[in-house]
Number of protein chains: 2
Amino acid sequence: MIKVVVVEDHPIMVEGLKNILRSDAGIEVSGAYGDGKSVLQALEKGQPDVILMDVNLPDISGVNLCGEVKKKYEDIKIIALSIHDEQPVIHSMLQNGASGYVLKNALGNEIIHAIYAIMDGEEYLCSSTKEALKNADMELLKAIPRITRREKEILQLIGKGLTTMQIADQLFISTHTVESHRKNLMEKFGVNNTTSVVKLASEYKLL
Amino acid sequence: MIKVVVVEDHPIMVEGLKNILRSDAGIEVSGAYGDGKSVLQALEKGQPDVILMDVNLPDISGVNLCGEVKKKYEDIKIIALSIHDEQPVIHSMLQNGASGYVLKNALGNEIIHAIYAIMDGEEYLCSSTKEALKNADMELLKAIPRITRREKEILQLIGKGLTTMQIADQLFISTHTVESHRKNLMEKFGVNNTTSVVKLASEYKLL
DNA sequence: AAAAGAATCCCGGAAAACAGGGGTTTTATC
DNA sequence: GATAAAACCCCTGTTTTCCGGGATTCTTTT
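Residues numbered from 1 in each chain as written. Chains lettered and ligands numbered in written order. Predicted model: local features only at pLDDT ≥ 70, side-chain atom pairs only at ≥ 80, totals over all residues. Heavy atoms only, no water.

**Some words on the overall build of chain A**
- The helix and strand inventory of chain A stands at ten helices and six strands.
- When the backbone C-alpha atoms are referred to their principal axes, chain A occupies close to 65 × 40 × 30 Å.
- Across the 207 residues that make up chain A, the buried fraction comes to 54%.
- A fraction of 65% describes how many contacts in chain A between residues 6 or more apart in sequence connect residues 24 or more apart.
- As presented, chain A carries roughly 10,100 Å² of accessible surface, and 47% of it is formed by carbon and sulfur atoms.
- Charge separation in chain A, taken as the distance between the mean sites of 23 positive and 28 negative side-chain charges, equals 6 Å. (Helix = DSSP H or I, 4+ residues; strand = E, 2+ residues; numbered from the N terminus. Buried < 20%, exposed > 50% of the residue type's maximum accessible area, 1.4 Å probe, protein only. Contact = heavy atoms within 4.5 Å. Areas by Shrake-Rupley, 256 points an atom, 1.4 Å probe, with all protein chains shown as cover. Lys, Arg positive; Asp, Glu negative; His and termini not counted. Charge placed at Lys NZ, Arg CZ, Asp CG, Glu CD.)

Right under this line is the structure:
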């Protein structure tokens, strides 16, 4: 009997998943949690074989949660569940130890397949995910950039529509410094204007 | 017996909704469709009392679908289902004839409440939605801006990270013209730089 | 504890975007 | 079929961002 824990903040979705998994005799849903904190607590008292984990949670990003869980309990297999098929998101999840990536528009039995596949030690990607990764070799693929505290702060202010000067005033630093951070953000995101940075940051839920 | 049709492109979500609605004796799910086109076709052969409609569909925006359905079948009540609680999205759905707006992180029985409430002729907003609308009087609230074909085209190119000159070259128009469109976009979105336009457009799924 | 690497800070000139003006052609509406 | 409104087009001067640098402090890693 494979023990599965669901981490997902949409109750209706949880209901759907439970229902689908119930239909398989070899799988047992041993718990469902709506945010990162409560799973981490629950895991201290006992571990499942597999965690089905939504990438977008209210309290912590799925990428980070995935990393934390894997650090503490390396035997637990993690399947990422997401609405998005952005390459960097997929890549970051896999780098952080996820064994599978399934889009939420997948059919129910795709999830069951995924569970059995990863219990066999395989890596499972749903068809749309594979499609998204097809013409990009995994080595060159860039993950979600790791940005610093200060950069994040500035990114958020830029996202609010403030100009460099307004940001400089607010943070009591020179406009040149703000521009320097702006430049580094463009560098890290691999683009050459702020607009693209904000667009990507918004896609990766960094704002 | 209240006949309900579900429009939602995530099969797992559909499964969850069906399961929840099944538990209520007065409600019957008479159909489920994954995109706008198939619902419109199905409606020609018979109408339900209520449509539970996801705002983000693969082929058409929920806002437009809502408008179309209401134009042809004004008696069908529509409840919008969404992950987002952005004011302009909520406002646009209600303006297009939706009678309810429920966030996907709502509990299952909230959906059932919503269905009964709107069948009684009420308007139903889930608690988080109400929260989002609280400090903004409905009159002043701005809807998602209506942008023209050309503007959309330019918005998308800007979103790709192209500069004004690159866009001008690609569309065989003057850079001045591109800047003019850019200006109008800022005007319509009520902001004063392109970055904010792209951020909002991305939130409203206009890209 | 030293070196390498990040992160935060600063500068000046070139290249864009922005603001505020005006004009013509489509598209609805009466 | 007139007319008003919207869409689309263009221009000039000012402001902001971009991009080439470089310096100093934190933080890791060895």
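**Things to note about the pairing of strand β5 (residues 100–103) of chain B**
Residue and element names in this part refer to chain B.
- Both faces of β5 are covered, namely the face carrying Gly-100 and Val-102 and the face carrying Tyr-101 and Leu-103.
- Where strand β4 (residues 77–82) and β5 come together, four bridges link them in parallel fashion. For Ser-82, the partnering residue across the bridge sits in β5 and is Leu-103.
- What joins β4 to β5 is helix α4 (residues 87–95), and the crossover it makes is right-handed.
- As paired elements, β5 and strand β6 (residues 124–125) share two bridges and run parallel to each other. Bridged to Tyr-101 within β6 is Leu-125. (Pairing = 2+ DSSP bridges. Right-handed = clockwise from strand over helix to strand, strands pointing away.)

**Let's talk about the protein's contact with DNA strand C**
- Near DNA strand C, the surroundings consist of 22 residues, among which A:Thr148, A:Thr177, A:Ser180, B:Thr164 and B:Thr194 are the closest.
- For DNA strand C, the backbone makes up 60% of the atoms found within 4 Å of the protein, where backbone means sugar plus phosphate.
- Within the side chain of A:Arg146, one N or O atom sits 3.4 Å away from a phosphate oxygen of DNA strand C.
- Within the side chain of B:Thr194, an N or O atom sits 2.3 Å from a phosphate oxygen of DNA strand C.
- Listing elements by their share of the surface near DNA strand C, those giving two or more residues are α9 (175–189) of chain A together with α8 (164–171) and α9 (175–189) of chain B.
- Grouping the amino acids of the surface near DNA strand C by side-chain chemistry returns three nonpolar, twelve polar and seven charged. (Near = heavy atom within 4 Å. Polar contact = N/O pair within 3.5 Å; in protein donor to acceptor, adjacent residues only side chain to side chain. Nonpolar A, V, L, I, M, F, W, Y, C, P; charged D, E, K, R; others polar.)

**What about helix α5 (residues 108–119) of chain B?**
- Over its twelve residues, α5(B) extends 17 Å from the first C-alpha to the last, a length consistent with the 16 Å expected when each residue adds 1.5 Å.
- Turning to α5(B), its buried residues are B:Gly108, B:Glu110, B:Ile111, B:Ile112, B:Ala114, B:Ile115, B:Ala117 and B:Ile118. (Expected span 1.5 Å × (residues − 1).)

**Here's the deal with α4(B)**
Residues and elements named next belong to chain B.
- For α4, the tally of buried residues reaches seven of nine residues, placing the bulk of the element in the interior.
- What α4 keeps buried is the set Pro-88, Val-89, Ile-90, His-91, Ser-92, Met-93 and Leu-94.
- Turning to α4, the residues buried within the fold contact α3 (62–72), β4, β5, β6 and α6 (127–134).

**Focus on the packing of helix α2 (residues 36–44) of chain A against helix α3 (residues 62–72) of chain A**
Residues and elements named next belong to chain A.
- Packing of α2 against α3 brings their axes to within 11 Å, and their N-to-C directions diverge by 10°. As judged from the angle between their axes, α2 and α3 are roughly parallel. Where α2 approaches α3, its residues Gly-36, Leu-40 and Leu-43 are matched on the opposing element by Leu-65, Glu-68 and Val-69.
- Of the residues that constitute the contact of α2 with α3, the class distribution is four nonpolar, one polar and one charged. (Axes fitted to C-alpha atoms, helices over the stretch in contact; angles between N-to-C directions. Parallel < 35°, antiparallel > 145°, perpendicular 65-115°, else oblique.)

**Details of the relation of the copies chain B and chain A**
- Expressed as a screw operation, the relation of chain B to chain A combines 0.1 Å of axial shift with a rotation of 180°, fitting to an RMSD of 0.1 Å. In short, the pair behaves as if placed about a two-fold rotation axis. No C-alpha of chain B lies nearer the rotation axis than that of B:Gly16, which sits 1.7 Å from it. (Least-squares fit on C-alpha atoms with pLDDT ≥ 70 in both.)

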